[in-house]
2 protein chains.
Amino acid sequence: MPVLTLGTVAFDTIETPFGSSGKVVGGAASYIALAVSHFSPEQHVVSVIGNDFPMEFLSELERRGAKLDGLTRVEDGESFHWAGSYHNDMVGRDTLATDLNVLIGWEPCVCPQGKGAQFVMLGNLDPAVQMTVLEQVSSPKLVVLDTMNFWMDVALDNLKKIISKVDVLTVNDEEARQLTGEHFLPKAARAIHAMGPQTVVIKKGEHGALMFQEGKTFFAPAYPLEHVVDPTGAGDTFAGGFVGYLASRSRANGSVTWEDMKQAVTVGSVMASFTCEAFGTSGLAALTVDEMKARWTEYNALTACGPIAWP
Amino acid sequence: MPVLTLGTVAFDTIETPFGSSGKVVGGAASYIALAVSHFSPEQHVVSVIGNDFPMEFLSELERRGAKLDGLTRVEDGESFHWAGSYHNDMVGRDTLATDLNVLIGWEPCVCPQGKGAQFVMLGNLDPAVQMTVLEQVSSPKLVVLDTMNFWMDVALDNLKKIISKVDVLTVNDEEARQLTGEHFLPKAARAIHAMGPQTVVIKKGEHGALMFQEGKTFFAPAYPLEHVVDPTGAGDTFAGGFVGYLASRSRANGSVTWEDMKQAVTVGSVMASFTCEAFGTSGLAALTVDEMKARWTEYNALTACGPIAWP
């Protein structure tokens, strides 16, 4: 079923204790769209770029089935650019530059075909922009929202409005705590349920992800990597894999089951591990089904153990 | 098969953002011995107490099958006492007092029966004391060592000596990094293998535990608790559940399999979750098999998902 993907298509400049990326293609929608495309060929991307954005990447998205009618190109503007530097733990990071550029004043427009999308992935952006896009989709079956602490600091009211309209919220553990005031994650998840989303995915980076839905809990570990080159985009890849898998699994009426969701979280986790192994999106684009299968099989065995011999 | 348990039998005074324990029975060997006793009735405890230690707790250990011949009682001394205060995250903590008391000058003595123990759990203590005890065990089949960053700071040479003599090392993620200089845990585990232990268990508290053995990896999540009252003793409970389960599963020659170890890590994780739900050891002592079974079943389902429908 068709997926609508909202987010930035942009440039990143990343430094880590182990290397530097230079200026590379990044942005939430770039990672989400590539991840979605591995499972769901029907996809509409809503984003904005400047005159500086490489055609090669857009061609790659189109080659993978993504429709770019909703991608606004501002001929006299520059693309969004984020620069950041990771700490030694490869988790904490400092933002060195946030050049909003074409994001300023952008009014996202969903193309006619995109309005009929049944799966909607609202990547991290101003909640008002996320709402504008969601309102243009006629009858979505499943809406997933990603956000971050920044919007909790500067746009909490709008954030709560969009949260109340979505089916799934993905946030990291600190964001879940900030949003709810609850330290322990099962309680934080319940507080988020009360805000609207039936399903809450709490991302913990190298520590995996917890998913909560109506009293049910699922835990997906992170694939234990030998080396992390750059975690940028891992959360977006996770979200894209999650939504793409659900879209590929949905029934005629668009419904997805808890079992679908559990599988989708593991698929997202495995795909995110590939994103961490390189700067930028090229690794994710080049990923084959066989590579994903092989790592998922190894990943799935990580937690498998037989029944306990109780005393 | 008989287990030898080394560690402190002591008092703790704990403050958390949510409450205070007062002075309660604690110490590594107290938690380990109780956890072991749920699976392995044959146990020899090696520790030291002062004249202030409550008989009730010792009677409880004996009632549960633990032999206390190796428990030195110093009639003119006071028991070891640790006081600490947990930060808001319930992970970081400040030590407020470390009253070594009877630990000073203690020369641990393994009773004749204890020398024949086949499973040895060396709880966190001065590595020289751990070595003294291990040298008194005639032919151990499996030796598990727990330690902490403090000994890496003040007794690294002795710590490396005892590490080279054991089969399993349990440390937390920061300790694994400090010990090896490797940030990524699969690499840290390989560096620890090179120091001697064939099996490495890296404890990550609320984020679960990773176990490594000869290229094999297992991940056990932490049970997602609604509320943590006090994490003190969780690592010791984990270790005790791990060793106790292995001792209960071992073959006539004392061997344990990778499958046994995987099960043991899940048992240790589930038992540790109970310890986090109350101050002190009383919850662990009162735990029933039915309670453990029920939580383990729920825990085991946390990560269970069906096969992926690949594109």
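Values in this document were obtained by computation on a predicted structure and should not be read as measured data.

What to know about the environment of Gly181(A)
Residue and element names in this part refer to chain A.
Point 1. Residue placement: Gly181 occurs in the loop between helix H6 (173-180) and helix H7 (185-195).
Point 2. Judged by the 9 C-beta atoms lying within 10 Å of it, Gly181 is exposed.
Point 3. Placed ten residues apart in sequence, Gly181 and Ala191 show a C-alpha to C-alpha distance of 8.9 Å.

A closer look at the interface of chain B and chain A
Point 1. Every contact between the two is made by 36 residues of chain B and, on the other side, 36 residues of chain A.
Point 2. Secondary-structure elements contributing two or more residues to the side of chain B that touches chain A are helix H7 (185-195), strand S14 (216-220), helix H8 (234-249), helix H9 (258-275) and helix H11 (289-301) of chain B.
Point 3. When the residues that make up the side of chain B that touches chain A are grouped by side-chain class, the tally is 20 nonpolar, nine polar and seven charged.

A look at the relation of the copies chain B and chain A
Point 1. Overlaying chain B with chain A gives an RMSD of 0.0 Å, the required rotation being 180° about an axis along which the chain moves by 0.0 Å. Look at the turn and shift together and you get a two-fold axis relating the two. Taking the C-alpha atom as reference, chain B places His207(B) closest to the rotation axis, 2.9 Å from it.
Point 2. Of all interface residues in chain B, 100% are interface residues in chain A too; the two copies therefore contact each other through one and the same surface.

Topic: the environment of Glu214(A)
Point 1. Looking at the element boundaries, Glu214(A) is found in the loop between strand S13 (209-213) and strand S14 (216-220).
Point 2. On the neighbour-count criterion, Glu214(A) (8 C-beta atoms within 10 Å) is exposed.

Details of the packing of helix H1 (residues 28-37) of chain A against helix H8 (residues 234-249) of chain A
Residues and elements named next belong to chain A.
Point 1. At a minimum axis distance of 7 Å, the contact between H1 and H8 shows a crossing angle of 35°. For the pair H1 and H8, the crossing hand works out as right-handed. Judged by residue contacts, Ala28, Tyr31, Ile32, Ala33, Leu34, Ala35 and Val36 of H1 engage Asp236, Thr237, Ala239, Gly240, Gly241, Val243 and Gly244 from H8.
Point 2. A per-class count over the contact of H1 with H8 returns nine nonpolar, four polar and one charged.

What to know about the packing of H8(B) against H9(B)
Residue and element names in this part refer to chain B.
Point 1. Taken N-terminus to C-terminus, the directions of H8 and H9 make an angle of 140°; their axes are 7 Å apart at the nearest point. Of the possible angle classes, the one that applies to H8 and H9 is oblique. Here H8 and H9 pass one another in a crossing that is right-handed. Two secondary-structure elements touch here, H8 through Ala234, Thr237, Phe238, Ala239, Gly241, Phe242, Tyr245, Leu246 and Arg249 and H9 through Asp260, Met261, Gln263, Ala264, Val265, Val267, Gly268, Ser269, Met271, Ala272 and Thr275.
Point 2. Looking at the contact of H8 with H9 residue by residue, the class counts come to twelve nonpolar, six polar and two charged.

Points about the pairing of strand S3 (residues 19-26) of chain B
Residue and element names in this part refer to chain B.
Point 1. By the bridge criterion, six bridges tie strand S2 (residues 10-16) to S3 in an arrangement that is antiparallel. Counted as the bridge partner of Thr13 is Lys23 from S3.
Point 2. Hairpin connection, S2 to S3: the antiparallel pair is bridged by two residues.

Quick look at the sheet that holds strand S8 (residues 93-99) of chain B
Whether parallel or antiparallel, the strands of a sheet pair through hydrogen bonds between backbone atoms.
Residue and element names in this part refer to chain B.
Point 1. What the four strands build is an open sheet, ordered S3-S2-S7-S8; its pairing is mixed. A single partner strand is all that each edge strand has here, and the edge strands are S3 and S8. Direction aside, neighbouring strands of the sheet carry axes that sit 15° apart on average.

Details of H11(B)
Residue and element names in this part refer to chain B.
Point 1. Under the 1.5 Å per step criterion, the end-to-end length of H11 is 18 Å for 13 residues, consistent within 8% with the ideal 18 Å.
Point 2. All of the buried residues in H11 are Met292, Trp296 and Tyr299. Seen end-on, H11 carries its buried residues on one side only, within an arc spanning 60°. H11 presents Asp290, Ala294 and Thr297 as exposed residues on the side facing more than 90 degrees away from its buried surface.
Point 3. Close packing links the buried residues of H11 with H9.

Cut-off values and rules
- Residues numbered from 1 in each chain as written.
- Chains lettered and ligands numbered in written order.
- Predicted model: local features only at pLDDT ≥ 70, side-chain atom pairs only at ≥ 80, totals over all residues.
- Helix = DSSP H or I, 4+ residues; strand = E, 2+ residues; numbered from the N terminus.
- Buried ≥ 20, exposed ≤ 12 C-beta atoms within 10 Å, placed from the backbone.
- Contact = placed C-beta atoms within 7 Å.
- Nonpolar A, V, L, I, M, F, W, Y, C, P; charged D, E, K, R; others polar.
- Least-squares fit on C-alpha atoms with pLDDT ≥ 70 in both.
- Axes fitted to C-alpha atoms, helices over the stretch in contact; angles between N-to-C directions.
- Left-handed = near helix turned anticlockwise from the far one by under 90°.
- Parallel < 35°, antiparallel > 145°, perpendicular 65-115°, else oblique.
- Pairing = 2+ DSSP bridges.
- Expected span 1.5 Å × (residues − 1).
- Arc of directions from axis to C-beta.

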